[in-house]
Amino acid sequence: MPLYDCMLLLKPHVTKEALMELVSRVGKHVYRKNGVVADIKSFGTVQLGYGIKKLDGKYFQGQLMQMTIMTPPSMIKELHYLNKEDRLLRWLLVKHREIKYGLEFLSEDDAKNELNRFRSNLYDNDDTDQDEDDEDVDNEYQVEQAETKDA
C-alpha cells in the first residue's frame, strides 16, 4: 500500500473538538478500507498567502493539519466527501514517491567513478581560480608602485 499525506486546511474558528472529529472521521474511513494512519501533525494557525473565499466570508488564516496514511489507491477516490465539508477551506492529498537520493541510485562502480570525476573537477577548478586571483593582486601592486613613484 502506498503512503499518502492528507493536508487539511480548516477555518480558523473551528474548535479543537470539531477538528478532532473530522480527523477521526477520515481515520475511520481509512481503517474501514484496511488502511493505517501513520502520523498526525498539527501546524496550528497559519497565515495564508491570499484570501480563500467561502460562502460565509473570506479567510486569511487557517488551521493546518497533516495526516500521513497508508491506504489502497482505491480509497483515494472516496475522499471526495471532504469537498462538502463546511469546516474545511482546502484539502490536498499527496502520494509519497519511492525516490532514491544521491549516489544510492547508482551501482557501486558508477558511484566510485562519479566521485572520482567530481573530485578531479573540484581540484582543477580551485587551482585556476587561485592563479587568476594572484595575477590581479600583482597588477594592483604594480599600479600602486607606479602611483607612489609619480608622487
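Here the structure is a predicted model, which is why all the values come from computation and not from measurement.

Cut-offs applied
Residues numbered from 1 in each chain as written. Predicted model: local features only at pLDDT ≥ 70, side-chain atom pairs only at ≥ 80, totals over all residues. Heavy atoms only, no water. Helix = DSSP H or I, 4+ residues; strand = E, 2+ residues; numbered from the N terminus. Buried < 20%, exposed > 50% of the residue type's maximum accessible area, 1.4 Å probe, protein only. Contact = heavy atoms within 4.5 Å. Areas by Shrake-Rupley, 256 points an atom, 1.4 Å probe, with all protein chains shown as cover. Core = buried A, V, L, I, M, F, W, Y, C linked by side-chain atoms within 4.5 Å. Lys, Arg positive; Asp, Glu negative; His and termini not counted. Salt bridge = Lys/Arg side-chain N within 4 Å of Asp/Glu carboxyl O. Polar contact = N/O pair within 3.5 Å; in protein donor to acceptor, adjacent residues only side chain to side chain. Pairing = 2+ DSSP bridges. Axes fitted to C-alpha atoms, helices over the stretch in contact; angles between N-to-C directions.

Caption draft 1: View of the overall build of the protein. Scanning the protein for helices and strands turns up two helices and four strands. When the 151 residues of the protein are sorted by exposure, 26% land in the buried category. Here the contacts in the protein between residues at least 6 apart in sequence split such that 75% fall between residues at least 24 apart. Element-wise, carbon and sulfur atoms account for 52% of the exposed surface of the protein, whose accessible area totals about 11,200 Å².

Caption draft 2: Highlighting the environment of Thr45. Mapped onto the fold, Thr45 is located in strand E2 (residues 36-54). Distance from Thr45 to Gln63, taken between C-alpha atoms, is 4.4 Å for residues 18 residues apart in sequence.

Caption draft 3: A look at the nonpolar core. Leu8, Leu10, Met67 and Leu82 are the most contacted members of the largest nonpolar core, which has 19 residues in total. No other element matches helix H1 (residues 16-32), which puts six residues into this core. Filtering out sequence-adjacent residues up to four positions away, Leu8 remains in contact with Val23, Gln63, Leu64, Met65, Met67, Leu82, Leu88, Arg90 and Trp91. Counting five residues, the second largest nonpolar core, distinct from the first, contains Leu9, Leu48, Tyr59 and Leu89.

Caption draft 4: A look at the side chain of Asp5. Secondary-structure assignment places Asp5 in strand E1 (residues 3-10). No salt bridge is formed by the buried Asp5. Its closest oppositely charged neighbour is Lys41, at 7.2 Å. Looking at Asp5, its side chain comes within polar contact range of the side chain of Thr68, at 2.8 Å. A polar atom in the side chain of Asp5 sits 2.9 Å from the side chain of His96. Those residues within four positions of Asp5 in sequence are excluded, and the remaining contacts are Gln66, Met67, Thr68, Leu92, Leu93, Val94 and His96.

Caption draft 5: Geometry of the side chain of Lys11. Within the secondary structure, Lys11 sits in the loop between E1 and H1. In this structure the side chain of Lys11 is engaged in a polar contact, spanning 3.0 Å, whose partner is the backbone oxygen of Asp86. Setting aside residues up to four positions removed in sequence, Lys11 forms contacts with Lys54, Asp56, Tyr59, Gln63, Asp86, Arg87 and Leu89.

Caption draft 6: Representation of the sheet that holds strand E3 (residues 57-70) within the structure. In spatial order, the strands read E2-E3-E1-E4; together these four strands make up an open sheet with antiparallel pairing. Edge strands, defined here as strands with exactly one partner in the open sheet, are E2 and strand E4 (88-95). Geometrically, the sheet is characterised by an average inter-axis angle of 20° between neighbouring strands, direction not taken into account. The pairing of E2 with E3 spans 13 bridges and is antiparallel. Paired with Val37 across the strands is Ile69, a residue of E3. Where H1 meets the sheet, its contacts fall on E1, E2, E3 and E4, and the angle it forms with E3 comes to roughly 35°.

Caption draft 7: Broad picture of unusual backbone geometry. The backbone phi angle of Asn34 is positive, close to 65°, even though this residue is not glycine. Summarising the element assignment, Asn34 is placed in the loop between H1 and E2.

Caption draft 8: Spatial organisation of the environment of Val30. Assignment of secondary structure puts Val30 in helix H1. Look at Val30 and you get buried, because its relative accessible area is 0%. Sequence spacing of Val30 and Pro72 is 42 residues, and the spatial spacing of their C-alpha atoms is 9.0 Å.

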